[in-house]
Amino acid sequence: MTLDPVTPDPVTTVTVTPAPLTTGTMTPGTTGTGAVPTGAVPTGAVPTGAVAPDAVSCHGLRYSFGRTRAVDGVDLTVASGEVFGLLGPNGAGKTTAIRCLTTLLPVPPGTVRVFGHDAARERMAVRRMIGYVPQQLSADSSLTGRENVALFARLFDVRRRERAERVALALEAVGLANAADRMVGTYSGGMIRRLELAQALVSAPRLLMLDEPTIGLDPIARTGVWEHITAIRAATGMTVLVTTHYMDEADQYCDRVALMHAGRVQALDTPERLKAALRDRRGDDAAPTLEDVFRDVVGGDLDASEEGGDFRDVRRTRRTASRLG
Amino acid sequence: MSVAPAGRPPASAESAAALGLAPLLTTPRARPGWLVLPARVGAMCLVELQKLRHDRTELYTRAVQPALWLLIFGETFTRIRAIPTGGVPYLDYLAPGIIAQSAMFIAIFYGIMIIWERDSGVLTKLLVTPTPRAALVTGKAFAAGVKSLMQAAVVLVLATLLGVSLTWNPLRLLGVAAAVLLASAFFSCLSMSIAGIVLTRDRLMGVGQAITMPLFFGSNALYPVDVMPDWLRVVSAVNPLSYQVDALRGLLLGTPSHLLLDFLVLLAAAAAGITAASCLLGRLAR
Ligand SMILES: Nc1ncnc2c1ncn2[C@@H]1O[C@H](COP(=O)(O)OP(=O)(O)OP(=O)(O)O)[C@@H](O)[C@H]1O
Ligand SMILES: [Mg+2]
């Protein structure tokens, strides 16, 4: 078994003591990801170098809203520099999990680490490292695009000297340079999503968390958003954690994906290996798509379950879609 | 079994340069702790000013109500001379009260904006910036203050046009601005706290409507405390609006007032409001 250490991020070299909870040294046979290996799908082994701490590592993450156990024991690690997809049906707990990682929801100390920083104890340090785009369209429609980005530059302490330049660059990177001084109220859904990307980029985060960045967008706008995400990632080397309902997107753009259902990670690996594993199990020649894997992992459960995609989830999705017009 | 490395080819400085993103690669340095609060307050106030610049209709429509108060109520009661004002024409006496009232109305419905921001995801994103909750609330409180200040300026001009002789002493006007800012910081935090409790816009509207009139009538904005029944005096004594009006009268008209006490109460009220709203903001984040 050969283990290629993850190349340390060349851009932001912040020395952080390796998190004691991450699997720093690997022995053959252990999985680098802490995913619960349920079912027959093998979990992928991703080497974790002792030098660069994982972008995200969470262990036994749980969060309940009253009696709803939205996240029910999630273990996963996102390696520095990868594009990691979090997939799952409505109500699977993806948004809740992301909100725990962003310090929006309180988590017990020791469960979540972002680049080695504890999300419970070092909130501000964690927030400085992440750029977050929530599921709803969150740009302020009564400001211009530039003002929206400049606000986030200010809130992340970008100094006045470099602010204008950074804001302009971030807008340019998402292809909004020409629309920058228009009111966001006049933007299309795809433009708003790209603007939000610019808002997240302006603070040079090491980890970009995108909650359904392409929800409600037409196919061309979807491709546009993804092209910008991949270009930015290639240029900056940032880690991307993304949730999506679109299996084709996950297959095409994600290095690894985790399939979530009912608050748990049911399978975690590269899309290729997940598909290969399903083909091996089925034993037929037809190449399964990631969607087949998804159905295989959660599909049977979906029809029977009452919880998945409850009214609340659908309503929220609709609301986002309707704001998109 | 061989394990593939995670991630696609790592980024290089050249690829960043190719996209022209180089200046976007360095994470900004954190400000020293004591500068965070003023920086955030500045950022929030600026956003409020930008919004006012894009859309001034609110400024105009909101001027209607105070104009009516001054024109109808003020002119009428000036004639009736029913209210003992200590020798000041009633319209003059009323003007500071209406400035305070209209500023309060703006602040007390500021929570609606917070709820809108929560529903639209704007608040969520603000909460993920390196901004402590207290700094965020203080920023919002002063942003509401900026709006109130604009409103106060409009009413001040209106009153002058109606012939009220108010001071133009810049120092006194600065004091007026401070009183308006502090009071609207309190009232907007009250509103944000209620928003944190009731969580929906409709309920907040209801609560807001229910408390504005008692706050207004239970203050010295329309009549002096001396003419109030005892129970109303108690309300007035614990009502920050009364202290604001007292300060405004003292500063604008030069009538006898208790400026030190007024400002101390307003400061304490603002601090208490910010504390309460910061504690309750977490409920909106969930
Ligand atoms: N603020 C909340 N209050 C109460 N329950 C909530 C809240 N947010 C989420 N839930 C519940 O938690 C569960 C997980 O929701 P979550 O939003 O994390 O799912 P999701 O995977 O993001 O779904 P979707 O694909 O629809 O966005 C659902 O059952 C949902 O109803
Ligand atoms: Mg979601």
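Everything numeric here is computed off the predicted structure, so don't read it as measured data.

**Quick look at the overall build of chain A**
- In terms of regular secondary structure, chain A is built from ten helices and ten strands.
- Counting only residues that meet the buried cut, chain A has 59% of its 325 residues in that class.
- Contacts in chain A between residues at least 24 apart in sequence constitute 68% of all its contacts with a sequence separation of at least 6.
- Of the roughly 12,700 Å² of accessible surface on chain A, 52% is carried by carbon and sulfur atoms.

**Examining a nonpolar patch on the surface**
Residue and element names in this part refer to chain B.
- Judged by side-chain polarity, Val64, Leu68, Leu71 and Ile72 come together as a nonpolar surface patch covering roughly 360 Å² of accessible area.
- Position of Val64 relative to the elements: it lies in helix α3 (residues 57–80).
- Judged by relative accessible area, Val64 falls into the partly exposed class, the value being 47%.

**Considering the coordination of the magnesium ion (ligand 2)**
- Protein coordination at the magnesium ion (ligand 2): the donors are A:Thr95 (OG1) and A:Gln135 (OE1), at 1.8 to 2.1 Å from the metal. A residue pair is termed long-range when its members are at least 10 positions apart, and A:Thr95 in helix α1 (residues 94–101) and A:Gln135 in the loop between β6 (130–133) and α3 (145–155) qualify at 40 residues.

**Here's the deal with the layout of surface pockets**
Residues and elements named next belong to chain B.
- There is about 500 Å³ of room inside the second largest pocket.
- In terms of lining, the second largest pocket is formed by 21 residues, of which the most central are Asn220, Val225, Asp246, Pro256 and His258.
- Of all the elements, helix α11 (residues 240–253) adds the most residues to the lining of the second largest pocket, at four residues.
- Of the residues in the lining of the second largest pocket, the class split is nine nonpolar, seven polar and five charged.

**A word on the packing of aromatic side chains**
- Throughout the structure, instances matching the rule amount to ten aromatic pairs over all chains.
- An angle of 65° between the planes, with centres 5.1 Å apart, marks the rings of B:Phe186 and B:Phe187 as edge-to-face.
- These aromatic residues form a ring-pair network of at least three members: B:Trp69, B:Phe73, B:Phe77, B:Tyr90, B:Tyr93, B:Phe216 and B:Phe217.
- Lying across the ring of A:Phe115, A:Arg206 places its NZ or CZ 3.9 Å from the centre.
- Sitting above the plane of the A:Phe152 ring, B:Lys125 keeps its charged end 5.3 Å from the centroid.

**Some words on the packing of helix α8 (residues 170–198) of chain B against helix α9 (residues 201–217) of chain B**
Residues and elements named next belong to chain B.
- Where α8 meets α9, the closest approach of the two axes is 10 Å, and the angle between their N-to-C directions is 145°. In this structure, α8 meets α9 at a crossing whose hand is right-handed. Residues Phe187, Leu190, Ser191, Ile194, Ala195 and Val198 of α8 pack against Arg203, Leu204, Val207, Ile211 and Leu215 of α9.
- Per-class residue counts for the contact of α8 with α9 are nine nonpolar, one polar and one charged.

What counts, and where the lines are drawn
Residues numbered from 1 in each chain as written. Chains lettered and ligands numbered in written order. Predicted model: local features only at pLDDT ≥ 70, side-chain atom pairs only at ≥ 80, totals over all residues. Heavy atoms only, no water. Helix = DSSP H or I, 4+ residues; strand = E, 2+ residues; numbered from the N terminus. Buried < 20%, exposed > 50% of the residue type's maximum accessible area, 1.4 Å probe, protein only. Contact = heavy atoms within 4.5 Å. Areas by Shrake-Rupley, 256 points an atom, 1.4 Å probe, with all protein chains shown as cover. Patch = residues over 30% accessible without salt bridge, like charges linked within 9 Å, V, L, I, M, F, W, Y side chains within 5 Å. Salt bridge = Lys/Arg side-chain N within 4 Å of Asp/Glu carboxyl O. Donors = N, O, S within 2.8 Å, 3.2 Å for Na, K, Ca; no water. 1 Å grid on protein atoms, 1.4 Å probe; cavity = no way out; pocket = protein on both sides within 12 Å on 5 of 7 lines; lining within 4 Å. Points joined across faces, edges and corners; volume = space filled by probe spheres on them. Nonpolar A, V, L, I, M, F, W, Y, C, P; charged D, E, K, R; others polar. Phe/Tyr/Trp six-rings, centres within 6.5 Å; stacked < 30°, edge-to-face > 60°. Lys NZ or Arg CZ within 6 Å of the ring centre and 35° of its normal. Axes fitted to C-alpha atoms, helices over the stretch in contact; angles between N-to-C directions. Left-handed = near helix turned anticlockwise from the far one by under 90°.

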